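Descriptive structure summary
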Amino acid sequence: MRTPAAVLCGLGTSLPERSVSNARLIEERDLDSDERWILERTGIAARRLADSRTSTGDLARAAGQAALDSAAELAGAPVRPDLVLLATTTPDHHCPATAPQVAHRLGLDGVPALDLSAACAGFVYATAFAQGLVTSGLYERPLVVGAETYSTTLIDPRDRDTAILFGDGAGAVLVRAGTPDEPGALIAQHLGSDGSRAGLIQVPAGGSRLPRGTPGTEPRDHYFRMNGRAVYAHAVRRMTDSARHALKNTGWSPDDVDAFISHQANQRIIDAVGDRLGIAPSCRHGNLRQLGNTAAASIPLALADTALRRRVDPGARTLITGFGGGLAWGAQTLRFPEARPHSYPPHTHHDNGEALR
Ligand code: UT7
C-alpha cells in the first residue's frame with residue numbers, strides 16, 4: 001500500500017564525553033595553528049573526540065536507542081524499526097558493514113541493516129532513501145543513523161588542515177508513514193554527485209585503487225586529505241543549487257523557510273549558502289561551534305540540538321542541505337519534527353558484545 005508521506009517521529013544523539021577546545025587541540029597535537037584563526041575562519045570553538053575504545057558502532061547504537069526512546073515517548077508505545085540504515089565513512093571494520101551489529105545491539109536481529117557511504121552527505125542521502133522506501137510501501141519504520149569517528153580513524157592528528165575541523169558523534173531519526181502536513185513530514189528531496197572531483201576529498205591509499213603495501217605509498221596516504229579551498233567553493237555552489245531544486249519541488253520560496261539546517265562544515269559556508277538562497281540569519285540553526293564537523297552525523301545532531309533548545313516550532317517549514325566527499329550533495333524539505341530528542345553516552349563493546357562500561 002502506498003502512503004502519502006514519510007515522517008520523522010524520533011530524534012536521538014550520542015556524543016563522546018571529551019570536549020576539546022581549539023587551544024587544547026593545538027597544544028596536544030603541537031599544531032602550527034591559532035585558536036582565533038580556527039574560530040574566525042571556521043566558526044568552530046571545540047569538538048567532541050572519541051577515545052580509542054569507542055567505535056562508530058558504539059555511538060550509532062546509543063543514538064539509535066535514543067531515537068527509538070524518543071519515538072516511543074511521542075507515540076506512547078514502544079516502536080520497532082523494520083530497517084536500519086547507517087550513514088558512515090568510518091565503519092567499525094572494512095568488512096562487514098557496521099549496521100547489522102548496530103541492529104543486533106538494538107535487539108533488532110533479523111531486520112535488514114546496511115551501511116551507506118556518502119561522506120558528509122550521508123545523512124541527506126539516507127533520509128531521502130528512507131523517504132522513498134516508506135512512501136513506496138516497502139518499509140514502514142526505517143531507523144536512519146549518521147555516525148562517525150573521524151578523529152580516531154581517518155584524520156592525521158598532526159595535519160592542521162583537517163585535524164582542526166572534525167569531531168566525533170552520532171545522530172539518528174526514526175521514520176514512519178504519515179501525512180504530508182504533520183510535524184516531521186519529509187516533503188521534497190534533491191540529490192547529486194560529481195565523481196570527476198573525487199580527488200578533492202580522499203583517503204588516497206588502503207582501498208582497491210592503491211591497496212595497502214603498494215610500492216610508493218606512504219603512511220600518510222592512508223589519512224584523509226582535503227583541498228579545503230576548492231571544496232569550499234563546490235560546497236557553496238552545490239548546496240545552494242540543490243536547495244533551490246528541493247524548494248522548487250516543494251512549492252516554497254526561500255522566504256517561506258522557517259528553519260535552515262545545513263551540514264556543519266564551516267560557518268562561512270553555511271552563511272554563504274543562506275545568503276545566496278536569501279534565508280535570514282535568524283533561521284539558520286546548528287551547533288558547529290561546539291561540535292565541529294561530524295560528517296554524516298552533523299545534520300541529525302544539529303536537528304536534535306535545535307529541537308532540544310525549542311528554537312523552532314513543530315511543523316515549521318524546514319530545509320536541510322548536505323555536502324561532502326564524492327563529491328556528493330543533497331537537500332531535503334520537511335516539517336520540523338515534534339519528537340523530543342533523547343541523548344545517551346556511547347556504550348563501548350568488544351566485538352563479542354561484552355560490555356566494557
Ligand atoms: O565536510 C566536508 C566538506 N568540507 C568542507 O566543506 C570544508 C571546506 N573548506 C573549508 O572550510 C576551508 O577551506 C578551510 C577551513 C579548510 C580553510 O580555510 P580557508 O579560509 O580556505 O584557508 P586557506 O586554505 O585559503 O588559507 C588561508 C590562510 C593561509 O595563510 P596565508 O597564505 O594567507 O598567509 C593558510 O596558511 O590561512 C592559513 N591557514 C591556517 N592558519 C592556521 C590554513 N589553515 C590554517 C590552520 N591554522 N589550520
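Described below are features of the structure shown in this document. From a predicted model like this one, the values you see are computed outputs, not experimental measurements.

Per the stated rule, a full pass over the model turns up 1 cavity of 30 Å³ or more. Volume-wise, the largest cavity comes out at about 50 Å³. Leu-25, Arg-29, Leu-49, Ser-151, Ile-155, Pro-157, Thr-162, Ala-163 and Phe-166 together form the lining of the largest cavity. Elements that contribute at least two residues to the lining of the largest cavity include exactly helix H1 (22-29) and helix H7 (160-163). Split by residue class, the lining of the largest cavity holds 6 nonpolar, 2 polar and 1 charged.

What follows covers the packing of aromatic side chains. Using the criterion set out here, one finds 4 aromatic pairs in the structure. Aromatic pair Tyr-150 and Phe-166: ring centres 4.8 Å apart, planes at 5°, arrangement stacked. With Tyr-150 in helix H6 (residues 150-153) and Phe-166 in the loop between H7 and strand S7 (169-178), this residue pair connects regions lying 16 residues apart in the sequence. In this structure Tyr-150 comes out as buried when scored by relative accessible area, which is 1%. Classification of Phe-166 by relative accessible area gives buried; the value is 3%. Ring centres of Tyr-150 and Phe-224 lie 5.4 Å apart, and the angle between their planes is 70°; this geometry places the pair in the edge-to-face category. Remark: Phe-224 occurs in the loop between strand S9 (201-202) and strand S10 (225-226) and Tyr-150 occurs in helix H6; sequence separation between them is 74 residues. Comparing Tyr-150 with Phe-224, the two get one shared label, buried. Each residue in the set Tyr-150, Phe-166 and Phe-224 is aromatic and connected to the rest through ring pairs, giving one cluster.

On to the environment of Val-144. Position of Val-144 among the secondary structure elements: in strand S6 (residues 142-148). C-alpha of Val-144 to C-alpha of Gly-167: the two residues are 23 residues apart in sequence and 20 Å apart in space.

The subject of this paragraph is the site of the ligand. As a structural note, the neighbourhood of the ligand is formed by 19 residues, with Ser-33, Arg-229, Asn-266, Arg-268 and Asn-293 the closest of them. A distance of 2.6 Å separates a nitrogen atom of the ligand from a polar atom in the side chain of Ser-33. Protein contacts shield 73% of the accessible area of the ligand, which totals 940 Å² for the unbound molecule. For the ligand, the cavity whose grid points lie within 2 Å of the majority of its atoms is the second largest pocket. Sorting the residues of the shell around the ligand by element identifies helix H2 (35-42), helix H8 (228-250) and helix H9 (267-277) as the ones contributing at least two each. Among the elements that line the shell around the ligand, the one with the most residues is H8, at 4 residues. Partitioned by chemical class, the residues of the shell around the ligand number 9 nonpolar, 6 polar and 4 charged.

About the cut-offs
- Residues numbered from 1 in each chain as written.
- Predicted model: local features only at pLDDT ≥ 70, side-chain atom pairs only at ≥ 80, totals over all residues.
- Heavy atoms only, no water.
- 1 Å grid on protein atoms, 1.4 Å probe; cavity = no way out; pocket = protein on both sides within 12 Å on 5 of 7 lines; lining within 4 Å.
- Points joined across faces, edges and corners; volume = space filled by probe spheres on them.
- Helix = DSSP H or I, 4+ residues; strand = E, 2+ residues; numbered from the N terminus.
- Nonpolar A, V, L, I, M, F, W, Y, C, P; charged D, E, K, R; others polar.
- Phe/Tyr/Trp six-rings, centres within 6.5 Å; stacked < 30°, edge-to-face > 60°.
- Buried < 20%, exposed > 50% of the residue type's maximum accessible area, 1.4 Å probe, protein only.
- Near = heavy atom within 4 Å.
- Polar contact = N/O pair within 3.5 Å; in protein donor to acceptor, adjacent residues only side chain to side chain.
- Areas by Shrake-Rupley, 256 points an atom, 1.4 Å probe, with all protein chains shown as cover.
- Sits in = over half its atoms within 2 Å of the grid points.

In short, the description is geometric, and any link to function would need to be established separately.
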